[in-house]
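Listed below, chain by chain, are the residues.
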Amino acid sequence: QKEVEQDPGPLSVPEGAIVSLNCTYSNSAFQYFMWYRQYSRKGPELLMYTYSSGNKEDGRFTAQVDKSSKYISLFIRDSQPSDSATYLCAMRGGGFKTIFGAGTRLFVKA
Amino acid sequence: EPEVTQTPSHQVTQMGQEVILRCVPISNHLYFYWYRQILGQKVEFLVSFYNNEISEKSEIFDDQFSVERPDGSNFTLKIRSTKLEDSAMYFCATEGARGAVGETQYFGPGTRLLVL
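What this report covers is the structure whose coordinates are included nearby. Small disclaimer: the values here were computed from a predicted structure and weren't measured. (Residues numbered from 1 in each chain as written. Chains lettered and ligands numbered in written order. Predicted model: local features only at pLDDT ≥ 70, side-chain atom pairs only at ≥ 80, totals over all residues. Heavy atoms only, no water.)

Within chain A, the secondary structure is distributed over 0 helices and 11 strands. Listing the helices and strands of chain A from first to last along the sequence gives β-β-β-β-β-β-β-β-β-β-β. By principal-axis analysis of the C-alpha atoms, chain A measures approximately 40 × 25 × 20 Å. Across the 110 residues in chain A, those meeting the buried criterion constitute 45%. For chain A, contacts bridging at least 24 residues in sequence account for 54% of all contacts bridging at least 6. With the model as given, the accessible surface of chain A reaches about 5,200 Å², and the carbon-plus-sulfur share is 48%. Distance from the positive charge centre (13 side chains) to the negative charge centre (10 side chains) of chain A: 7 Å. (Helix = DSSP H or I, 4+ residues; strand = E, 2+ residues; numbered from the N terminus. Buried < 20%, exposed > 50% of the residue type's maximum accessible area, 1.4 Å probe, protein only. Contact = heavy atoms within 4.5 Å. Areas by Shrake-Rupley, 256 points an atom, 1.4 Å probe, with all protein chains shown as cover. Lys, Arg positive; Asp, Glu negative; His and termini not counted. Charge placed at Lys NZ, Arg CZ, Asp CG, Glu CD.)

Here we come to the nonpolar core. In terms of nonpolar packing, the biggest core is built from 25 residues, with Trp35, Ile72, Leu74, Ile76, Tyr87 and Met91 of chain A touching the most fellow members. Going through the elements one at a time, strand E3 (19-25), strand E4 (32-38), strand E5 (45-51), strand E7 (61-66), strand E8 (71-76), strand E9 (85-92) and strand E11 (104-109) of chain A are the ones with two or more residues in this core. Once you skip the residues sitting within four places of it in the chain, Met91 of chain A turns out to touch Val4, Cys23, Tyr25, Phe30, Tyr32, Phe33, Met34, Ile72, Lys97, Thr98 and Ile99 of chain A. Counting residues in each nonpolar core, the second largest holds 22 residues, with Leu21, Phe32, Val47 and Phe75 of chain B among its members. (Core = buried A, V, L, I, M, F, W, Y, C linked by side-chain atoms within 4.5 Å.)

We now examine the side chain of Ser58 of chain B. Residue and element names in this part refer to chain B. Among the secondary structure elements, Ser58 is positioned in the loop between strand E6 (53-57) and strand E7 (65-68). For Ser58, the side chain forms a polar contact with the main-chain oxygen of Phe45, separated by 2.9 Å. Leave out the neighbours within four places in its chain, and Ser58 touches Phe45 and Leu46. (Polar contact = N/O pair within 3.5 Å; in protein donor to acceptor, adjacent residues only side chain to side chain.)

All names here are of chain A. Under the definition given, this model contains 5 salt bridges over all chains. Residue Asp83 is joined to Arg60 by a salt bridge in which the shortest nitrogen-to-oxygen separation is 2.9 Å. On the criterion of sequence distance, the pair formed by Asp83 in the loop between E8 and E9 and Arg60 in the loop between strand E6 (54-58) and E7 is long-range, its members being 23 residues apart. (Salt bridge = Lys/Arg side-chain N within 4 Å of Asp/Glu carboxyl O.)

All names here are of chain B. Note that Gln17 resides in the loop between strand E2 (10-13) and strand E3 (19-24). When the C-alpha positions of Gln17 and Arg80 are compared, they lie 6.9 Å apart, and in sequence the two are 63 residues distant. The residues touching Gln17, leaving out its near neighbours within four places in the chain, are Ile79, Arg80, Ser81 and Thr82.

A complete count under the given rule lists 2 disulfides over all chains for this structure. Each disulfide pairs two cysteine sulfurs, and for Cys23 of chain A the partner residue is Cys89 of chain A, the sulfurs being separated by 2.0 Å. Because the sign of the S-S torsion sets the handedness, a value of about -100 degrees for the bond joining Cys23 of chain A and Cys89 of chain A places this disulfide among the left-handed ones. With a gap of 66 residues between them, Cys23 of chain A in strand E3 and Cys89 of chain A in strand E9 connect regions that are remote in the sequence. The two residues Cys23 of chain A and Cys89 of chain A agree in class, both being buried. The partner cysteine of Cys23 of chain B in its disulfide is Cys92 of chain B, sulfur to sulfur 2.0 Å. (Disulfide = S-S within 2.5 Å.)

Right under this line is the structure:
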């Protein structure tokens, strides 16, 4: 079983839709959970950062962590064409190594 | 907004040659990382560096790789004898205070390395 599983998509939605992106993981030691956005041939850009379980909201973005199910989600409300990118989940425990998911490619159609 | 910078943006080299990739971290950051992303694949951790020493490394980071912070500002990744399979995008990331609320790693734009 992979440490972090993420559906690569692609996921195509109309403008204004609510987007749900998810990752599952197997390592119960993970404590820090991140979502990055990556445009083609660019570096990952931090979107959301959550420590342990719970929800966090920032503008149109909401991150959820359910440690009991080893499941994390990112919701994007009122999606825009500019949200079209690859979304990477990432996580780590108390050490230094961050494990990334494969990334989900999102297309938001105008 | 402060950002991580990397040079060069692109590097083409012959197999067996040495390359040095450079990163300028965000000024008050203390923790430094290198990652690589082979085209079409996921971002992979290579190494972390704190207090002038390696704090953790992956199985990818073998003896042909080394890191240093030669002048207190730049953070470098050296690949001693490049192989075809080293062709990838290499990202530097830096972090302020680990575990602090809202703190995590900020990535540079990457160096695209092509080994011929």
